[in-house]
Amino acid sequence: MTDITIRTATADDAALILQFITELAIYEKAEHEVKTNVEEIQRSLFGPDTTTHALICSVDGKPVGYAVYFFNYSTWLGKHGIYLEDLYISPECRGGGAGKALLRHIAKIAVAKGCGRFEWSVLDWNEPAINFYKSIGAKPMDEWVIYRLTGDALTDFAKG
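Below, the structure is looked at part by part.

**As for the overall build of the protein**
Secondary structure summary: the protein contains 5 helices and 5 strands in total. N-terminal to C-terminal, the α/β element order of the protein is β-α-α-β-β-β-α-β-α-α. Expressed as lengths along the three principal axes of its C-alpha atoms, the size of the protein is roughly 60 × 35 × 35 Å. A burial count over the protein gives 31% of its 160 residues as buried. Counted over contacts in the protein with a minimum sequence separation of 6, partners at least 24 positions apart contribute 58%. Counting only carbon and sulfur atoms, one obtains 55% of the accessible surface of the protein, whose full area is about 10700 Å². A gap of 7 Å separates the mean positions of the 16 positive and 21 negative side-chain charges of the protein.

**Quick look at the packing of aromatic side chains**
Summed over the entire model, instances satisfying the criterion amount to 8 aromatic pairs. Relative to tyrosine 83, the ring of phenylalanine 70 lies with its centre 5.4 Å away and its plane at 35°, an arrangement referred to as tilted. In this pair, phenylalanine 70 sits in strand S3 (residues 62–74) while tyrosine 83 sits in strand S4 (residues 79–89), placing the two residues 13 residues apart along the sequence. Taking relative accessible area as the criterion, phenylalanine 70 reaches 27% and is therefore assigned partly exposed. Residues phenylalanine 132 and tyrosine 133 carry aromatic rings whose centres are separated by 5.6 Å and whose planes lie at 50° to one another, so their mutual orientation is tilted. Among the residues examined, phenylalanine 132 registers a relative accessible area of 24% and is labelled partly exposed. Tyrosine 133 sits in the buried class, given a relative accessible area of 11%. Pairwise contacts between aromatic rings join Phe118, Trp120, Phe132 and Tyr133 into one cluster. Sitting over the ring of tyrosine 27, arginine 94 keeps its end group 5.0 Å from the ring centre.

Procedures and definitions
Each residue is numbered by its place in its chain's sequence as written, counting from 1. Residues qualify for local features only when their pLDDT is at least 70, as the model is predicted, and side-chain atom pairs are given and counted only at 80 or more; totals for whole chains, interfaces and linings, by contrast, use all residues. Working from all heavy atoms in the structure, the side-chain values ignore hydrogens and water. Helix numbers and strand numbers start at the N terminus; a helix is a DSSP run of H or I with at least 4 residues, a strand a run of E with at least 2. Throughout, exposure labels follow a simple rule: accessible area from a 1.4 Å probe, protein chains only, divided by the maximum for the residue type, with under 20% read as buried, over 50% as exposed, and the rest as partly exposed. In what follows, residue pairs with any heavy atoms lying within 4.5 Å of each other are defined as contacts. Throughout, the Shrake-Rupley method with a 1.4 Å probe supplies accessible areas, and for residues the shown protein chains are the sole cover considered. His is not counted, nor are the chain ends; Lys and Arg add positive charge and Asp and Glu add negative charge. Where a charge lies is defined by one atom per residue type, namely NZ (Lys), CZ (Arg), CG (Asp) and CD (Glu). Only Phe, Tyr and Trp rings take part, Trp by its six-membered ring, and two of them pair if their centres are within 6.5 Å. Stacked means planes under 30 degrees apart, edge-to-face means over 60, and tilted covers everything else. Definition used: whenever NZ (Lys) or CZ (Arg) falls within 6 Å of the ring centre and also within 35 degrees of the ring normal, the charge is taken to sit over that ring.

Structure follows, in structure tokens:
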């Protein structure tokens, strides 16, 4: 029997979170896209103006994963929702309930806050994650396509 615990992350967890971010990026074949560092995570995730929240998941006292989420808003529902930016569990601990416990923890926050939705994105090739999400009752939003402005395109568009 394993002991799964979830706690709110603190600025002292920034290096651990960066480690997990890097591991997630490697899994997603995008390690080259990680541009942040410990100081930036401390500032952006734990600074006074942050709108994000982070959790650390441990199994038998050892940190094995994390989640980062923030509140969004549905005009159609007239309610806030939670958007899960990252969910990661170390490969050696997958399948033992840690990921489900982390998702359930966030779902409980959503219900307690009266949120109308709990949403996230998954890469279309990530079959293990897709199957896991479907197993808990999550439904894909096939009719929606995500668009993104970053880097020079964002800067150029903002300048007009």
